Amino acid sequence: MSPTTTALVTGGTSGLGLAVAERLLASGVVPVLLGRGEERGRAALETLGGRAVFVPGDVTRPEDVTGALDAAEHRGTLRAVVNCAGVPHAERVVGRSGPHSLDRFAEVVTANLVGTFNVVRLAAARMAANEPAGQERGVIVNTASLAAFEGQVGQAAYAASKGGVVSMTLPLARELAGSLIRVVTVAPGFFATPAVAAVPAAARAELDRDLVHPRRWGDPDDFAALVAHVLDNPMINGETIRVDGAVRMSSGLRHHDTRNTHHRERPDTGEASST
């Protein structure tokens, strides 16, 4: 990628997204961070040495995404989009207080799935107008979760939203191939991000039992390293790649009363809640 290349990183103000932004900067790409928290945005810019751009906004709002894309094109040629924004959620279908909130289910799917698609459609339209660089005009990397494959009790909404991201990967890649745009999804396992700080030690110890090799939680830079390789490798397309150290999530029934409405969700992505 040339020094004038820019990349949009949603959820780029912390966790996985911030690590991706750091990798992009190291390779000479200017990252444009889209996120809801202006305070976190300012902190991220300080971390990145002021060389990035922060645009406050919500991925579900077309006008906010359009503003971020305008900022990216103002700084150079938009060649990459990395969707790291997302919201976690845990709620049982039937709990002590009654059935799962339909509004909350819709909110989670809107944030994680509709928001991702909103960014994809608007960014792809911009990228399709680029002059080809080699054999492509751009790359889009979305973030799913292990919950898309092995959702736990209480993760119906979250798993549905991330499963949708996985399911649309191949059709997006097939359709956008005509515009020389690749689409890839990364499904992270347990990652040590700011969101994990709120997890009690006992719950963390329970999650640790599922680790295989390496027997540690992923570092955000592990995620970013994979994203960087995807951006550079033209043969990776239409695929969902798990980055999880061989973790396979249990049902979540082991230590939970099935009548309990509120249990702590496994923080399996560490995504920034910026949608």
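Note that the coordinates shown come from a computational prediction; the quantities given were computed from them, not determined experimentally.

Caption draft 1: Representation of the overall build of the protein chain in the model. Regarding its fold elements, the protein chain presents nine helices and nine strands. Long-range pairs, those at least 24 residues apart, make up 76% of the contacts in the protein chain between residues at least 6 apart in sequence. Counting every atom, the protein chain has about 11700 Å² of accessible surface; 54% of that belongs to carbon and sulfur.

Caption draft 2: Main features of helix 4 (residues 102-127). Between its first and last C-alpha atoms helix 4 spans 36 Å; for 26 residues at 1.5 Å apiece the expected length is 38 Å, and the two agree. Of all the bends found along helix 4, the most pronounced is centred on Thr110 and spans about 40°. Two or three places before Asp103, at the opening of helix 4, Ser101 has a side-chain oxygen 3.4 Å from that residue's backbone nitrogen.

Caption draft 3: Representation of the packing of aromatic side chains within the structure. Per the stated rule, a full pass over the model turns up one aromatic pair. Aromatic pair Phe191 and Phe223: ring centres 6.4 Å apart, planes at 85°, arrangement edge-to-face. With Phe191 in the loop between strand 8 (181-188) and helix 8 (201-208) and Phe223 in helix 9 (residues 220-232), the pair connects residues that are 32 residues apart, well separated along the chain. Taking relative accessible area as the criterion, Phe223 reaches 0% and is therefore assigned buried.

Caption draft 4: Geometry of the packing of helix 6 (residues 156-167) against helix 7 (residues 169-176). Between helix 6 and helix 7, the shortest axis-to-axis distance is 4 Å and the interhelical angle comes to 30°. From helix 6, Val165, Val166 and Ser167 reach across to helix 7, where they touch Thr169, Leu170 and Pro171. A class-by-class count of the residues in the contact of helix 6 with helix 7 yields four nonpolar, two polar and no charged.

Caption draft 5: Here's a closer look at the sheet that holds strand 8. Taken together, seven strands build an open sheet; the order of strands is 3-2-1-4-7-8-9 and the sheet is parallel. Sheet topology places strand 3 (53-56) and strand 9 (240-243) at the edges, where each strand pairs with a single neighbour. The mean angle between the axes of side-by-side strands here comes to 20°, regardless of whether they run parallel or antiparallel. The pairing of strand 1 (residues 5-10) with strand 2 (residues 30-35) spans five bridges and is classified as parallel. Its bridge partner lying in strand 2, Thr10 is registered against Leu34. Running at roughly 175° to strand 3, helix 2 (residues 38-47) makes contact with strand 2 and strand 3 of the sheet.

Caption draft 6: Layout of the side chain of Arg79. Looking at the element boundaries, Arg79 is found in strand 4 (residues 77-83). Once you skip the residues sitting within four places of it in the chain, Arg79 turns out to touch Thr5, Thr6, Met127, Asn130, Glu131, Pro132, Ala133, Glu136, Arg137, Gly138 and Val139.

Caption draft 7: Quick look at the nonpolar core. In terms of nonpolar packing, the biggest core is built from 33 residues, with Leu8, Val81 and Ile140 touching the most fellow members. Examining the composition of this core, we find that eight residues originate from one element, helix 4, more than from any other. Those residues within four positions of Leu8 in sequence are excluded, and the remaining contacts are Val32, Leu34, Ala68, Leu69, Leu78, Ala80, Val81, Val82 and Val119. In this structure, Leu33, Val82, Leu226 and Ile236 belong to the second largest nonpolar core, which totals 31 residues.

Caption draft 8: Structural view of the pairing of strand 7 (residues 138-143). Burial within strand 7 is extensive, with six of its six residues counted as buried. What you see with strand 7 is no split at all: Gly138, Ile140 and Asn142 on one side and Val139, Val141 and Thr143 on the other are buried throughout. Relative to strand 8, strand 7 is paired through six bridges, and the arrangement is parallel. Across the sheet, the residue bridging to Val141 is Val184, located in strand 8.

Caption draft 9: Representation of the side chain of Thr185 in the model. For Thr185, the location among the structural elements is in strand 8. The class of Thr185 is buried, set by a relative accessible area of 0%. Within the local environment of Thr185, its side chain forms a polar contact with the side chain of Thr169, the two groups lying 2.6 Å apart.

Scoring rules and cut-offs
- Residues numbered from 1 in each chain as written.
- Predicted model: local features only at pLDDT ≥ 70, side-chain atom pairs only at ≥ 80, totals over all residues.
- Heavy atoms only, no water.
- Helix = DSSP H or I, 4+ residues; strand = E, 2+ residues; numbered from the N terminus.
- Contact = heavy atoms within 4.5 Å.
- Areas by Shrake-Rupley, 256 points an atom, 1.4 Å probe, with all protein chains shown as cover.
- Expected span 1.5 Å × (residues − 1).
- Bend = angle between axes of the 7 residues up to and from the residue.
- Polar contact = N/O pair within 3.5 Å; in protein donor to acceptor, adjacent residues only side chain to side chain.
- Phe/Tyr/Trp six-rings, centres within 6.5 Å; stacked < 30°, edge-to-face > 60°.
- Buried < 20%, exposed > 50% of the residue type's maximum accessible area, 1.4 Å probe, protein only.
- Axes fitted to C-alpha atoms, helices over the stretch in contact; angles between N-to-C directions.
- Nonpolar A, V, L, I, M, F, W, Y, C, P; charged D, E, K, R; others polar.
- Pairing = 2+ DSSP bridges.
- Core = buried A, V, L, I, M, F, W, Y, C linked by side-chain atoms within 4.5 Å.

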